[in-house]
Amino acid sequence: MTQQVKRAFKYRFYPTDEQAAELSRTFGCVRLVYNKALEERTRAWYGEQRRISYVQSSAALTEWKKTEELAFLSEVSSVPLQQALRHLQTAFGSFFAKRAKYPHFKSRKKSKASAEYTRSAFKWRDGKLMLAKMADPLDIRWSRPLPEGAEPTTVTVSRDAAGRWFVSLLCEDTITAVPAATAAVGIDAGITSLVTLSTGEKIANPRHERRDRARLARAQRELSRKAKGSANREKARRKVAEVHARIADRRRDFLHKLSTRLVRENQTVVIEDLTVRNLLKNGKLARAVSDASWTELRSMLEYKCVWYGRELVVIDRWFPSSKLCGDCGAVREKLPLNVREWTCGCGAVHDRDVNAARNILAAGLAASACGDGVRPQRESSRTGQPSVKQETQRATAGIPRL
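Residues numbered from 1 in each chain as written. Predicted model: local features only at pLDDT ≥ 70, side-chain atom pairs only at ≥ 80, totals over all residues. Heavy atoms only, no water.

**Q** Tell me about the UniProt feature "domain: Transposase putative helix-turn-helix" (unreviewed entry) in the chain, and name the residues and values.
**A** With numbering aligned to this structure, UniProt lists the feature "domain: Transposase putative helix-turn-helix" (unreviewed entry) at residues 1–48. Between the C-alpha atoms that bound residues 1–48 there is a distance of 54 Å. The span itself is 67% helix and 25% strand. (UniProt positions renumbered as here; feature names shortened; annotations may be inferred. Helix = DSSP H or I, 4+ residues; strand = E, 2+ residues; numbered from the N terminus.)

Structure follows, in structure tokens:
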């Protein structure tokens, strides 16, 4: 079974001085247009209770280019500027649909420097990419080939905080589902072990941030000693960004390999609906939780399960996976984090993480069999109906471990 999907392929490239200058100007203009359009929309809404559409913002952009103050906007390609307005329109759509917060202004120092080009603003010929307003193609390092016969529909150029340049090519790709498997796995996320599987396997946490913590601290100390606004401070800032980029790259590579392995080996993958944002409020665990990057792992599992014909089941965050005895179904009242092994009243001895992973698997299989959906939600106690947590405990009690 195959399916056509839109897939982005990201590569590093090395621009010439002229290309770097042109792209830097484009990044600045994109940020300016986005912020100015957001300012106009905010003023119209709060001052006149009037909404401004994308068409009106686009007309305003044309007028801005005619002014002496903003005439420089005509010096760069108009397509990335129009795309910035479309992104702002999407942000407002998500806000009014209550899927996101109110759009915020883009900062020159903190926001990602990027520009998006559609087909009318780039040429793709014989494996070479040439952007509008440029005389030469980009010097791209092709770390992996594009799908055979694929042509980019959208090109996004970006520069990260470490000064590295990247180009992302959005193409149509054919995804072939992997052969059906019979195995199912429950996953318990942790800190000492990044994940514990219901099979009993524990995958150690690489702790990428901790491995480079001394190097990062040294670079940050050097940065703090430089005078603000100086060239030396910019060099020191770049070194700090390079350490962060190294950590992020290694973490992402590890999570990709782990998620691909889990999806290929199992037909059903069951995880918990963790609220990482709340866990980050714990001052003692925030650094370790952030380094584990559970949210990124879940995101990878979600789209890879869709691609390869697997089922991802997300159980309720309130399900007591660690405190529930997998043998008799009894729930322990308290189980502090420092207790890694415990004995139930029925005599069963449990490893905290392995028991949690097995309970997660049993709960996911029970919820899937009952047709409760992928993400069970807790019922309100005021309805007088049993909660999903209670129903899942009843369903999982006595289920044999796989």
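**Q** A description of the sheet that holds strand β8 (residues 184–189) should follow, citing residues and the corresponding values.
**A** Spatially, β10-β9-β8-β11-β12 is the arrangement adopted by the 5 strands of the open sheet, whose pairing is mixed. Two strands lie at the open edges of the sheet, namely β10 (202–204) and β12 (311–315), each paired on one side alone. Sheet twist, expressed as the average angle between the axes of neighbouring strands with direction ignored, equals 25°. Where β8 and strand β11 (residues 268–272) come together, 3 bridges link them in parallel fashion. Bridged to Gly 186 within β11 is Val 270. Across the sheet, helix α10 (residues 352–369) touches β8, β9 (193–197), β10, β11 and β12, and the angle it forms with β8 is around 130°. (Pairing = 2+ DSSP bridges. Axes fitted to C-alpha atoms, helices over the stretch in contact; angles between N-to-C directions. Contact = heavy atoms within 4.5 Å.)

**Q** Can you tell me about the UniProt feature "domain: Cas12f1-like TNB" (unreviewed entry) in the chain, naming the residues and giving the values?
**A** The UniProt record annotates "domain: Cas12f1-like TNB" (unreviewed entry) at residues 294–360. In residues 294–360, the share of helix is 34% and the share of strand is 16%. The end C-alpha atoms are 16 Å apart.

**Q** Before we move on, can you summarise the sheet that holds strand β7 (residues 165–176) with the specific residues and values?
**A** Sheets are built from strands paired through backbone hydrogen bonds, the pairs being either parallel or antiparallel. Taken together, the 5 strands give an open sheet; going across it, the order is β2-β6-β7-β1-β5, and neighbouring strands pair in antiparallel fashion. Since the sheet does not close on itself, it has two edges, and those belong to β2 (113–118) and β5 (140–141), each with one partner. As paired strands, β2 and strand β6 (residues 154–159) are joined by 6 bridges and run antiparallel to one another. Across the sheet, the residue bridging to Ala 113 is Arg 159, located in β6.

**Q** Can you explain unusual backbone geometry? Please cite residues and give values.
**A** Positioned with a positive phi, Lys 98 is a non-glycine residue whose angle comes to about 65°. One can find Lys 98 in the loop between α3 (78–96) and β2. Positioned with a positive phi, Asp 126 is a non-glycine residue whose angle comes to about 55°. Mapped onto the elements of the fold, Asp 126 is located in the loop between β3 (122–125) and β4 (128–131). For Asp 126, a relative accessible area of 75% corresponds to the exposed category. (Buried < 20%, exposed > 50% of the residue type's maximum accessible area, 1.4 Å probe, protein only.)

**Q** Can you explain the nonpolar core? Please cite residues and give values.
**A** Counting residues in each nonpolar core, the largest one holds 41 residues, and the members touching the most others are Leu 23, Tyr 117, Leu 129, Leu 131, Val 155, Val 157 and Val 167. Those elements giving two or more residues to this core turn out to be β1 (2–13), α1 (17–48), α2 (54–66), α3, β2, β4, β6 and β7. The greatest single-element share of this core, amounting to 9 residues, is contributed by α1. With residues up to four places along the chain from it excluded, the contact list for Val 157 reads Phe 13, Leu 23, Phe 27, Ala 113, Ser 114, Ala 115, Tyr 117, Leu 131, Trp 165, Phe 166 and Val 167. (Core = buried A, V, L, I, M, F, W, Y, C linked by side-chain atoms within 4.5 Å.)

**Q** Outline the packing of aromatic side chains, supporting the account with residue identities and numerical values.
**A** Counted by the stated rule, this structure contains 12 aromatic pairs. Ring centres of Tyr 303 and Trp 307 lie 4.9 Å apart, and the angle between their planes is 65°; this geometry places the pair in the edge-to-face category. You can see Tyr 303 and its partner Trp 307 sitting in helix α9 (residues 294–307), 4 residues apart, about one turn around the helix. Between Trp 307 and Tyr 308, the ring centres sit 6.3 Å apart and the planes meet at 85°, which makes this aromatic pair edge-to-face. Each of the two residues, Trp 307 as well as Tyr 308, counts as buried. Joined through ring pairs, the aromatic side chains of Trp 45, Tyr 46, Phe 92, Phe 95, Phe 96 and Tyr 102 make up one cluster. (Phe/Tyr/Trp six-rings, centres within 6.5 Å; stacked < 30°, edge-to-face > 60°.)

**Q** For the pairing of β9, give the residues involved together with the corresponding values.
**A** The buried fraction of β9 amounts to 5 of the 5 residues, a majority that puts the element mostly inside the structure. Note that β8 and β9 share 3 bridges and pair antiparallel. Looking across to β9, one finds that Asp 188 is bridged to Thr 196. Hairpin connection between β8 and β9: a loop of 3 residues separates the two successive antiparallel strands. Sheet topology places β9 next to β10; 3 bridges connect them, and they run antiparallel.

**Q** Could you give an account of the domain arrangement of the chain, with specific residues and numbers?
**A** In terms of domains, the chain is made up of domain 1 (2–176) and domain 2 (184–206 + 262–370). The distance between the C-alpha centroids of domain 1 and domain 2 comes to 38 Å. (Domains from an automatic or database assignment.)

**Q** Any chance you could break down the side chain of Asp 188 for me, citing the residues and the numbers?
**A** The residue Asp 188 is located in strand β8 in this model. One buried charged side chain, Asp 188, makes no salt bridge at all; its nearest oppositely charged neighbour is Arg 340, positioned 6.2 Å away. The residues contacting Asp 188, other than those within four sequence positions of it, are Leu 194, Val 195, Thr 196, Glu 272, Asp 353, Ala 356, Ala 357 and Ile 360. (Lys, Arg positive; Asp, Glu negative; His and termini not counted. Salt bridge = Lys/Arg side-chain N within 4 Å of Asp/Glu carboxyl O.)

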